[in-house]
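# Structural overview for review
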Amino acid sequence: MPNDQPARPRADADSTERRLTVVDQALRLFAEKGYEATTVDEIAEAAGISRRTFFRQFRSKEDVVFADHESQLTQARAFLDAAQGDPWDAVCEAVVEVFERFTQWREIAARRYRVVRQVPTLREREIVTVFRYERLFTDYLRRRLAGTSDLALVQFTAAVTATHNYLLRRMVRGESAASPGDLRSALAAIPRGGREAAAASEEMVVAVFPRDLSPRQVADLLAQRLDTL
């Protein structure tokens, strides 16, 4: 019997493409008419689908705004499930892949940014969505790095997510042409919770001074001592 397995990725890609077409049309209408003033029927008509098909793909207008994030989360989870090697690096590469796909969907990301800034309920949903990325990365590290400080894991995933979001927002606002390579370099500078954190702690300087010294005297003595290190 013929094996139909290879057709599955193509089918998934086609499904994602169709959903992104609806997202693109919805965001265009939200930007032109306003989020509240745009109806589901108008979105469906612009995307060339029926109202029934719309609700098979999305639960609401709010869901369509963040539909590409659902695809991103699914792909990031699959990447981490298959990842080998250093878990810290795997998280960074997953984040870079997310950023790279957003650069391919740059206009969609830019439209969503403009729409979300204008609608408080969407801003709240965006905060929840960012947390879902952090939780995905943290849960992965917890599985792979049992025994590592949980605080170190949370700090790391918060930092990589914040770094991604900072560069993405600058990109969609037209303030930067940051590339996936730029993001990769920025992520490499974030300390991991293991050897790098230990190395950083070895560089810490602890100073003890008499209680009666003035703040100015403390500052002068610190400057003198640090110059000799």
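Everything below is about the structure shown above.
Residues numbered from 1 in each chain as written. Predicted model: local features only at pLDDT ≥ 70, side-chain atom pairs only at ≥ 80, totals over all residues. Heavy atoms only, no water.

This part takes up empty space enclosed by the protein. Enumeration over the complete set of coordinates arrives at one cavity of 30 Å³ or more. Space inside the largest cavity adds up to approximately 250 Å³. As for the largest cavity, its lining consists of 16 residues, and the residues nearest its centre are His 69, Glu 126, His 164, Asn 165 and Leu 168. Broken down by secondary-structure element, the contributors of at least two residues to the lining of the largest cavity are α6 (87–104), α7 (106–118), α8 (120–144) and α9 (150–172). Among the residues making up the lining of the largest cavity, the classes are represented as nine nonpolar, four polar and three charged. (1 Å grid on protein atoms, 1.4 Å probe; cavity = no way out; pocket = protein on both sides within 12 Å on 5 of 7 lines; lining within 4 Å. Points joined across faces, edges and corners; volume = space filled by probe spheres on them. Helix = DSSP H or I, 4+ residues; strand = E, 2+ residues; numbered from the N terminus. Nonpolar A, V, L, I, M, F, W, Y, C, P; charged D, E, K, R; others polar.)

Locating Lys 61 in the fold gives a position in helix α4 (residues 61–65). For Lys 61, which is buried and forms no salt bridge, the nearest opposite charge comes from Glu 36, at a distance of 4.7 Å. Side-chain polar atoms of Lys 61 contact the backbone oxygen of Thr 38, separated by 2.8 Å. Other than its neighbours up to four places away in sequence, Lys 61 contacts Phe 30, Tyr 35, Glu 36, Thr 38, Val 40 and Ile 43. (Buried < 20%, exposed > 50% of the residue type's maximum accessible area, 1.4 Å probe, protein only. Lys, Arg positive; Asp, Glu negative; His and termini not counted. Salt bridge = Lys/Arg side-chain N within 4 Å of Asp/Glu carboxyl O. Polar contact = N/O pair within 3.5 Å; in protein donor to acceptor, adjacent residues only side chain to side chain. Contact = heavy atoms within 4.5 Å.)

Our focus in this paragraph is the packing of α7 against α9. At a minimum axis separation of 9 Å, α7 and α9 run at an interaxial angle of 90°. Relative to α9, the element α7 is oriented roughly perpendicular. Residue-level inspection shows Arg 106, Ala 109, Ala 110 and Tyr 113 of α7 in contact with α9, the latter providing Arg 169, Met 171 and Val 172. Taken together, the residues of the contact of α7 with α9 sort by class into five nonpolar, no polar and two charged. (Axes fitted to C-alpha atoms, helices over the stretch in contact; angles between N-to-C directions. Parallel < 35°, antiparallel > 145°, perpendicular 65-115°, else oblique.)

It is worth spelling out the layout of surface pockets at this point. By volume, the second largest pocket is sized at about 150 Å³. Lining the second largest pocket are eleven residues, and of these Ala 152, Gln 155, Pro 191, Arg 192 and Gly 193 lie nearest its centre. When residues of the lining of the second largest pocket are assigned to their parent elements, the largest contribution, five residues, is made by α9. When grouped by side-chain class, the residues that make up the lining of the second largest pocket number seven nonpolar, three polar and one charged.

In the structure shown here, the tally under the stated rule is 18 salt bridges. Here Glu 42 makes a salt bridge to Lys 33, at a shortest N to O gap of 2.5 Å. By relative accessible area, which is 26% here, Glu 42 ends up partly exposed. For Asp 139, the salt bridge identified is with Arg 142, shortest N-O distance 3.2 Å. Here Asp 139 and its partner Arg 142 are both found in helix α8, three residues apart, which amounts to about one turn of the helix.

Time to look at the nonpolar core. Membership of the largest hydrophobic core comes to 57 residues, with the highest contact counts inside it found for Phe 30, Val 64, Val 65 and Val 91. At ten residues, α6 tops the list of elements feeding residues into this core. (Core = buried A, V, L, I, M, F, W, Y, C linked by side-chain atoms within 4.5 Å.)

So, on to the packing of aromatic side chains. Applying the stated rule across the entire model yields six aromatic pairs. When the centroid spacing of 4.9 Å and the interplanar angle of 85° are considered together, the rings of Trp 88 and Phe 156 count as edge-to-face. With Trp 88 in helix α6 and Phe 156 in helix α9, this pair connects stretches of sequence that are 68 residues apart. The pair formed by Trp 88 and Phe 156 is uniform in burial state, with each residue classed as buried. With 6.5 Å between their ring centres and 40° between their planes, Tyr 133 and Phe 137 make a pair best called tilted. Note that Tyr 133 and Phe 137 are positioned in helix α8 at a spacing of four residues, about one turn of the helix. Residue Tyr 133 is classed as buried on the basis of its relative accessible area of 7%. Taken together, the aromatic side chains of Phe 54, Phe 55 and Phe 58 make up a single cluster linked through ring pairs. (Phe/Tyr/Trp six-rings, centres within 6.5 Å; stacked < 30°, edge-to-face > 60°.)

No statement about biological role is implied by the geometric values presented.
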